[in-house]
Amino acid sequence: MCMEIRVRCHCGAREAAFNLRDNIMPPEVIDRLYCPECSDGVKYDPENMLRDRDWIIEYDMELARFMAVSKLGVDPERVTPEFLFDEGYATWKETYPGELAEIEAEKERIVALLKEDPKRYFEELRTWAQRRVEHLKALGWRKAQRM
């Protein structure tokens with residue numbers, strides 16, 4: 001079971017939803033979040049930060065390693081920002097922050113087809129989803145690369 005948390009960025013302008021896989025990591029493992037507006041000029045440290053396009057997530061790696069070792073029995077050397085993000089222990093809830101709100105209008109158009117033509121609805125939905133994943137991959141979103 002995943003825990004969902006919301007984190008406001010450093011400048012306070014934006015918020016992102018995160019999933020914490022299997023409740024292994026506490027919310028405090030996300031030390032800071034930098035949105036595209038406040039990430040510019042941040043001194044990037046790959047030891048405790050992960051960049052996903054113009055967003056930067058700063059993790060409390062001491063806490064992350066402690067939790068990973070004690071709850072998962074993982075070698076602390078394996079616990080990196082990439083491990084936390086890619087394995088879902090502290091990652092975006094969506095493919096990227098704000099995705100659900102951005103796609104709502106697109107999905108409404110397709111869902112409207114369900115009542116009039118269910119077969120076309122499923123075809124449109126499948127095509128739309130495939131195109132969307134390819135577009136997100138091309139943009140460089142980290143979670144899309146694993147789809």
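Because the structure is a prediction, the values reported are computed rather than measured.

Explanation requested: the sheet that holds strand E1 (residues 3-8) in the structure shown.
Read across the sheet, three strands follow the order E1-E2-E6 without closing on themselves; strand pairing throughout is antiparallel. Strand pairing shows two members of the sheet lacking a second neighbour, E1 and strand E6 (91-92), which therefore form its edges. Strand direction decides the pairing type here: strand E2 (residues 15-20) and E6, joined by two bridges, are antiparallel. In the sheet register, Asn19 faces E6, and the bridge partner there is Thr91.

Even after reading the chapter, I still don't get the sheet that holds strand E5 (residues 55-59), so can you show me in this structure?
Judged by pairing direction, the sheet is antiparallel, and its three strands sit side by side in the order E3-E5-E4 without closing on themselves. Every interior strand has two partners, whereas the edge strands, strand E3 (30-34) and strand E4 (49-52), have only one. Between one strand and the next, the sheet's axes are offset by a mean angle of 15 degrees, whatever the strand orientation. Across four bridges, the pairing between E4 and E5 is antiparallel. Each residue of the ladder has a partner; that of Asp52, found in E5, is Trp55.

I keep staring at the packing of helix H4 (residues 99-116) against helix H5 (residues 118-139) and nothing clicks. Help me out?
Working note: a packed helix pair is described by the angle between its axes plus the distance between those axes. The contact between H4 and H5 brings their axes to 7 Å, and the two run at 160 degrees. One way to sum up the angle between H4 and H5 is to call them roughly antiparallel. Of the two elements, H4 crosses H5, and the hand of that crossing is right-handed. On the side of H4, the interface is formed by Glu99, Ile103, Glu106, Lys107, Arg109, Ile110, Val111, Leu113, Leu114 and Glu116, while H5 contributes Pro118, Arg120, Tyr121, Glu124, Leu125, Trp128, Arg132 and Leu136.

How should I be thinking about the domain arrangement of the chain in this particular structure?
As a measure of interface size, the accessible area lost when the parts come together is often cited. Split into domains, the chain comes out as domain 1 (3-92) and domain 2 (99-146). The centre of domain 1, based on its C-alpha atoms, is set 27 Å off from the matching centre of domain 2. Listed by partner, the interface residues are 10 residues for domain 1 and six residues for domain 2. Both faces combined, the contact of domain 1 with domain 2 buries some 790 Å², and carbon together with sulfur accounts for 49% of it. Taken together, the connections running from domain 1 to domain 2 amount to one salt bridge. In this structure, the salt-bridge partner of Arg142 is Asp86, at a minimum N-O distance of 2.8 Å.

Here is what the cut-offs are and how they apply
Residues numbered from 1 in each chain as written. Predicted model: local features only at pLDDT ≥ 70, side-chain atom pairs only at ≥ 80, totals over all residues. Heavy atoms only, no water. Pairing = 2+ DSSP bridges. Helix = DSSP H or I, 4+ residues; strand = E, 2+ residues; numbered from the N terminus. Axes fitted to C-alpha atoms, helices over the stretch in contact; angles between N-to-C directions. Parallel < 35°, antiparallel > 145°, perpendicular 65-115°, else oblique. Left-handed = near helix turned anticlockwise from the far one by under 90°. Contact = heavy atoms within 4.5 Å. Domains from an automatic or database assignment. Buried area = accessible area lost by both parts, 1.4 Å probe. Salt bridge = Lys/Arg side-chain N within 4 Å of Asp/Glu carboxyl O.

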